[in-house]
Amino acid sequence: MQPRMIGLVVLFGFFTYSLAVPVQNSTAEGKVRLKRKFSEELTDLDEANAMDQILAVNSNLKAPRGVSIRDGDIASTYPHSAITCPGNTCLWPKSVDGFVYVPYIISPLYDDMDRITIETGMEDIAAGTCIRFVPRTHESNFLDIQPRYGCWSFLGQTGGSQTLSLQTPGCMWSGVAAHEFMHALGFVHEQSRSDRDLHVTIVWKNIMADRIHNFRKHATNNLNSPYDYSSIMHYGRYAFSEDGGPTIIPKPDPYIPIGQRDGPSALDLHKINVLYSCGAYN
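Residues numbered from 1 in each chain as written. Predicted model: local features only at pLDDT ≥ 70, side-chain atom pairs only at ≥ 80, totals over all residues. Heavy atoms only, no water.

The subject of this paragraph is the state of the cysteines. In the structure shown here, the tally under the stated rule is two disulfides. Bridging C130 to C278, the disulfide has an S-S length of 2.0 Å. Around the S-S axis, the bridge from C130 to C278 shows a dihedral of about -60° and counts as left-handed. A residue pair is termed long-range when its members are at least 10 positions apart, and C130 in the loop between α4 (112-126) and β4 (131-135) and C278 in the segment after α6 (266-275) qualify at 148 residues. Overall, C278 belongs to the buried group, its relative accessible area being 6%. Across the disulfide, C151 is cross-linked to C171 (sulfur-sulfur distance 2.0 Å). Handedness of the C151-C171 disulfide follows from its S-S torsion of about -95°: it is left-handed. (Disulfide = S-S within 2.5 Å. Helix = DSSP H or I, 4+ residues; strand = E, 2+ residues; numbered from the N terminus. Buried < 20%, exposed > 50% of the residue type's maximum accessible area, 1.4 Å probe, protein only.)

Here it is, written out as structure tokens:
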């Protein structure tokens, strides 16, 4: 098994343990230690990205009743349906002032440090787009941000109270939060794009047999935007690897880094602006 994959396996084990720690009983000091431990592990994994973190947390995830998790972290109430947003029906509405307001409530179970992390993920999107995440007042459609088990979100606006799970401490990274917020805005994973085979090779033989479905292409609207190897929405090179070999290889240069964990890329922000017709932000 390759060294990087060994490290990812260690992370899977580490977060399998952390899932067993109820958020209500986690002290602030304990969460700081867990975050520091994970940060140190990531330092040794130069290609670990936001999706690697999410898959580590979600490795033993059992979806809530009535919900299935697709592609690693996209929630659906229809287990056998495709992940689509036909006719942009899942977009959040645009206000007359040109901004797109996404109301949210956030669980009181989060401590101040968690709230700052989550709000940083929001701000990293808002700073370069017309999206504005705003505390809910009376709106009927809103995000309900909860420290459930795992990191996951529904795709786009689904109507009513819409759960977005950011477990603490495992999901408490602004890049992970931004990843899930982009799902909530209507974006699937970058390597799920309809044109992905022009840009990456999926190494099917290296994928765990019961996880192959996570590598389906979707009938995506690519917004006339180039493929983005550095997207916050991209799987890692070893996602769902069976034996430590890579499952995604960029082409024509196989050594191009894929994904990252810092926050939305410039192209991520551009695609949000195009999808939501953000005008001055394009």
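Close inspection of predicted coordinates is inappropriate for parts of the model with low pLDDT. Here the protein averages 85 in pLDDT, and 80% of its residues register 70 or above. Long-range and interchain partners of residues 1-26, a stretch whose pLDDT sits below 50, account for 48 contacts in this model, where long-range means more than four residues apart. pLDDT under 50 marks residues 35-44. Its contacts with residues more than four places away, or in other chains, come to 18 contacts. (pLDDT = per-residue confidence, 0-100. Contact = heavy atoms within 4.5 Å.)

Another aspect to go through is the nonpolar core. With 50 residues, the main nonpolar core has L143, I145, L166, F181 and Y276 as its most contacted residues. With six residues, helix α5 (residues 174-185) is the largest single contributor of residues to this core. Here L166 is in contact with Y110, I118, I145, Q146, P147, G150, C171, M172, V176, A177 and E180, once residues within four sequence places are set aside. (Core = buried A, V, L, I, M, F, W, Y, C linked by side-chain atoms within 4.5 Å.)

Okay, the sheet that holds strand β7 (residues 161-166) next. With mixed pairing, seven strands are arranged side by side in an open sheet as β1-β2-β6-β7-β5-β3-β4. Of all the strands in the sheet, just β1 (68-70) and β4 have a single pairing partner and so form its edges. Strand after strand, the sheet turns through a mean of 35° between neighbouring axes, direction not considered. Where β1 lies against strand β2 (residues 74-76), three bridges are found, and the strand directions are antiparallel. Across the sheet, residue R70 finds its bridge partner in β2, namely I74. (Pairing = 2+ DSSP bridges. Axes fitted to C-alpha atoms, helices over the stretch in contact; angles between N-to-C directions.)

A word on the packing of helix α3 (residues 50-57) against α5. Taken N-terminus to C-terminus, the directions of α3 and α5 make an angle of 90°; their axes are 9 Å apart at the nearest point. Considered as vectors, α3 and α5 are oriented roughly perpendicular to each other. The residues of α5 that touch α3, namely those facing A50, M51, Q53 and I54, are G175, V176, H179 and E180. Here the residues of the contact of α3 with α5 are counted per class, giving four nonpolar, three polar and one charged. (Parallel < 35°, antiparallel > 145°, perpendicular 65-115°, else oblique. Nonpolar A, V, L, I, M, F, W, Y, C, P; charged D, E, K, R; others polar.)

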